[in-house]
Amino acid sequence: MPKLPAPPIPAALKPKPKRPGEGNGKTKPHEVAAEAGIHAVDWVDERTSLSGGLRWLMFRKVPKGTNWFYTLGSATLFAFLAQAVTGVFLAMYYDPSAIHAYESARYITNEVFLGQFVRGMHKWGATVMMILIFLHMGRTFFFGAYKYPRELNWVIGVVLLVLTMVMALTGYLLPFDQRSYWATIVADNINGTGPLVGPYLADFLRAGPEFGATTLSRFYAIHMLLVPGALIALIGAHLYLVAKLGTTAPPWLKVEPPEELRKAEV
Amino acid sequence: MADRRQAKSPYTEDRLIPGAFEGETVTRRRFMVGSVHAAGVAAAAAFTLPALGFALGPIFHRGRISWQDVGPLSDFPDTTYVPRVLTLTPDIGEVGKTTVYIRKHNPSIDGKPKDQYDNYVAISTKCMHLGCPVRYIEASQRFVCPCHGGVYDFQGKRAGGPPVRPLDRFYTRSANGRLEIGPRFSVNSELRRFSPRDPGQPLDGIGQYLYPRRFDTTNKPPGAKS
């Protein structure tokens, strides 16, 4: 099968020619292993053409002046990943029933090996994620990175912010102690104060006119199935647009006219 | 950019399609595309609509009326409140319970009883600001909310702070010398009865129209006015 010409990749990643004197005699085991690895990657790539997409995603051009503020988006992404991983492991012990929820949360904290650590990461990670989102949003605003053609990415980002707040709200009930119970009562009644639709919205969240047997499981399902799915999908769209449109230069950077135009001015 | 293709006649007969009827405009391709889309919509609706109804069902839930015995009538004076614990939702432990403050109807404060459910006053502890639990303070004869400083007078009417209406009440009735507590109802600032609403929803003036009643209408005792 003829091979397609490879798109350009950074020099550091290009296969190097053999040095003089190398390659004579027997092939060493590590060379065989490397060859096998390359062969396996090639096998997948020939059938999926993934490498082109990966190159497009990872080896993008970034403007001059890119600085530490530009890492806030990735930091938010990693905060989300930390929440996802710790959340999955917390779900292994958590029981979303009104009678057992508090006991199972207590069990995670006091009995499970590293349980307090994982639960703590999830709890404090939620706060860290909110802070990072607002810093990321502030960076985007003050650098003017929301302007044409990136408006849609700002809109997606705002939806992501709202979804994260929904995660924070629904997650707050799950420890099911006094604080989370009353905070949820208050939050639910705040929903109820919306004119016309408010009363029905509050009943939907509570699964009835009073805090009932299924309110907690409803919040749990929203917290770990409904919203995370939407978050992951929208994060994908957000990242696609970042890769597609590129990042903006910081506003303090002056535009440098191309070489030929500069000569013409003089 | 103008379409360079020749404009096709909408009639299958003009386009020389075999088996065309006179006046027919739907080609087989169009028909098949339409049916496949319709089948897709039907299949998606077949799982989306039941799931949606399942999630929204509680909005239309009709609560059952239950009357709970809270003790002999002689337990409840007409000058102060006596706390009792009601079970609003059974089988979920402490979460399903609530405190309710009860006293005898006092004609010098409350006027004439409205009906047979008004001989005893049972005040809900749900604060009408955002639903925190209020406590009755004997010394000041006030209900006080710990969350945001809502204060209510002896009758449960708002005396200060953010609440938007008086404290909710429960229907009461006496049976065989014992007091029974029925469903909850809401009141506006003139203590007119309304079907039970959530905290934060005013019932005076335009409020009663902005915050419509629930779809379930059975949550009041037979014979009681809305």
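Residues numbered from 1 in each chain as written. Chains lettered and ligands numbered in written order. Predicted model: local features only at pLDDT ≥ 70, side-chain atom pairs only at ≥ 80, totals over all residues.

### A short note on the overall build of chain B
In step 1: From N to C terminus, chain B includes three helices and eleven strands.
In step 2: Listed by position from the N terminus, the elements making up chain B come as α-β-β-β-α-β-β-β-β-β-β-β-β-α.
In step 3: Taken over C-alpha atoms, the radius of gyration comes to 30 Å for chain B, far larger than the 17 Å a tight globule of 226 residues would show.
In step 4: By its C-alpha atoms, chain B is 95 × 45 × 35 Å across when sized along the principal axes.
In step 5: Within chain B, buried positions represent 27% of all 226 residues.
In step 6: Long-range pairs, those at least 24 residues apart, make up 45% of the contacts in chain B with a sequence separation of at least 6. (Helix = DSSP H or I, 4+ residues; strand = E, 2+ residues; numbered from the N terminus. Rg over C-alpha atoms; globule rule 2.2 N^0.38 Å. Buried ≥ 20, exposed ≤ 12 C-beta atoms within 10 Å, placed from the backbone. Contact = placed C-beta atoms within 7 Å.)

### Digging into the packing of helix H6 (residues 151–173) of chain A against helix H7 (residues 178–192) of chain A
Residue and element names in this part refer to chain A.
In step 1: With their axes 7 Å apart at the nearest point, H6 and H7 run at an angle of 135° to one another. Considered as vectors, H6 and H7 are oriented oblique to each other. Residues Leu169, Tyr172 and Leu173 of H6 lie in contact with H7, whose contacting residues are Ser180, Ala183, Thr184 and Ala187.
In step 2: Counted by class, the contact of H6 with H7 contains five nonpolar, two polar and no charged residues. (Axes fitted to C-alpha atoms, helices over the stretch in contact; angles between N-to-C directions. Parallel < 35°, antiparallel > 145°, perpendicular 65-115°, else oblique. Nonpolar A, V, L, I, M, F, W, Y, C, P; charged D, E, K, R; others polar.)

### A look at the pairing of strand S10 (residues 178–187) of chain B
Residues and elements named next belong to chain B.
In step 1: The buried count for S10 comes to seven of ten residues, which makes it a mostly enclosed element.
In step 2: As paired strands, strand S1 (residues 68–72) and S10 are joined by four bridges and run antiparallel to one another. Looking at S10, one finds that Pro72 is bridged to Arg178.
In step 3: Across six bridges, strand S9 (residues 169–175) lies against S10 in antiparallel orientation. Bridging from a neighbouring strand, Arg169 pairs with Phe185 of S10.
In step 4: Following S9, the chain reverses through two residues before pairing antiparallel with S10; Asn176 in that reversal takes a positive phi of roughly 55°.
In step 5: Sheet topology places S10 next to strand S11 (residues 193–194); two bridges connect them, and they run antiparallel. Residue pairing for S11: Val187 is matched across the bridge by Arg193. (Pairing = 2+ DSSP bridges.)

### Some words on the interface of chain B and chain A
The figure often quoted for interface size is the accessible area lost as the parts come together.
In step 1: Counting residues at the interface gives 25 residues for chain B, matched by 25 residues for chain A.
In step 2: Here the residues of the side of chain B that touches chain A sort into 14 nonpolar, seven polar and four charged.

### Looking at helix H4 (residues 101–110) of chain A
All names here are of chain A.
In step 1: All buried positions along H4 are accounted for by Ala101, Tyr102, Ala105 and Ile108. Buried positions in H4, seen along its axis, are confined to an arc of 120° and lie on one side of it. Of the exposed residues in H4, those oriented more than 90 degrees away from the buried face are Glu103 and Asn110.
In step 2: On its buried face, H4 is in contact with helix H3 (72–91), helix H5 (115–142) and helix H9 (215–245). (Arc of directions from axis to C-beta.)

### Description of the sheet that holds strand S8 (residues 158–160) of chain B
Adjacent strands of a sheet pair through backbone hydrogen bonds, lying either parallel or antiparallel.
All names here are of chain B.
In step 1: If you trace the four strands from one edge of the open sheet to the other, you get S5-S6-S7-S8, paired in antiparallel fashion. With one partner strand each, in any of the chains shown, strand S5 (135–137) and S8 form the two edges of the open sheet.
In step 2: Here strand S6 (residues 142–144) pairs with strand S7 (residues 151–152) via two bridges, running antiparallel. Counted as the bridge partner of Val144 is Val151 from S7.

### Digging into the nonpolar core
In step 1: Of all hydrophobic cores here, the largest spans 28 residues; its most connected members are Val100, Ile102, Ala122 and Ile123 of chain B.
In step 2: Elements with a contribution of two residues or more to this core: strand S3 (97–104), strand S4 (120–124), S9 and S10 of chain B.
In step 3: Listed in part, the 19 residues of the second largest apolar core include Ala101, Tyr181, Tyr220 and Met224 of chain A. (Core = buried A, V, L, I, M, F, W, Y, C linked by C-beta atoms within 7 Å.)

### Overview of the packing of H7 of chain A against helix H8 (residues 198–206) of chain A
Residue and element names in this part refer to chain A.
In step 1: It is the contact of H7 with H8, at a shortest axis distance of 7 Å, that shows an interaxial angle of 150°. Facing H7, whose interface residues are Asp188, Asn189, Asn191 and Gly192, H8 presents Gly198, Pro199, Leu201, Ala202, Leu205 and Arg206.
In step 2: Of the residues belonging to the contact of H7 with H8, the class tally is four nonpolar, four polar and two charged.

### Quick look at the confidence of the model for chain B
In step 1: Looking at chain B, pLDDT values average 89 and 93% of them are 70 or higher.
In step 2: Here the predicted complex scores 0.86 on pTM and 0.83 on ipTM. (pLDDT = per-residue confidence, 0-100.)

### Looking at the environment of His100 of chain A
Residue and element names in this part refer to chain A.
In step 1: With respect to the helices and strands, His100 occurs in the loop between H3 and H4.
In step 2: According to the C-beta neighbour criterion, His100 is partly exposed, with 15 such atoms within 10 Å.
In step 3: With 99 residues separating them along the chain, His100 and Pro199 place their C-alpha atoms 29 Å apart.

### Structural notes on unusual backbone geometry
Residues and elements named next belong to chain A.
In step 1: In this structure, the amide linkage connecting Tyr148 to the following residue, Pro149, adopts the cis form with an omega of 5°.
In step 2: With respect to the helices, strands and loops of the structure, Pro149 is situated in the loop between H5 and H6.
In step 3: Here Ala207, not a glycine, exhibits a phi torsion of approximately 60°, which is positive.
In step 4: Its place among the elements puts Ala207 in the loop between H8 and H9.

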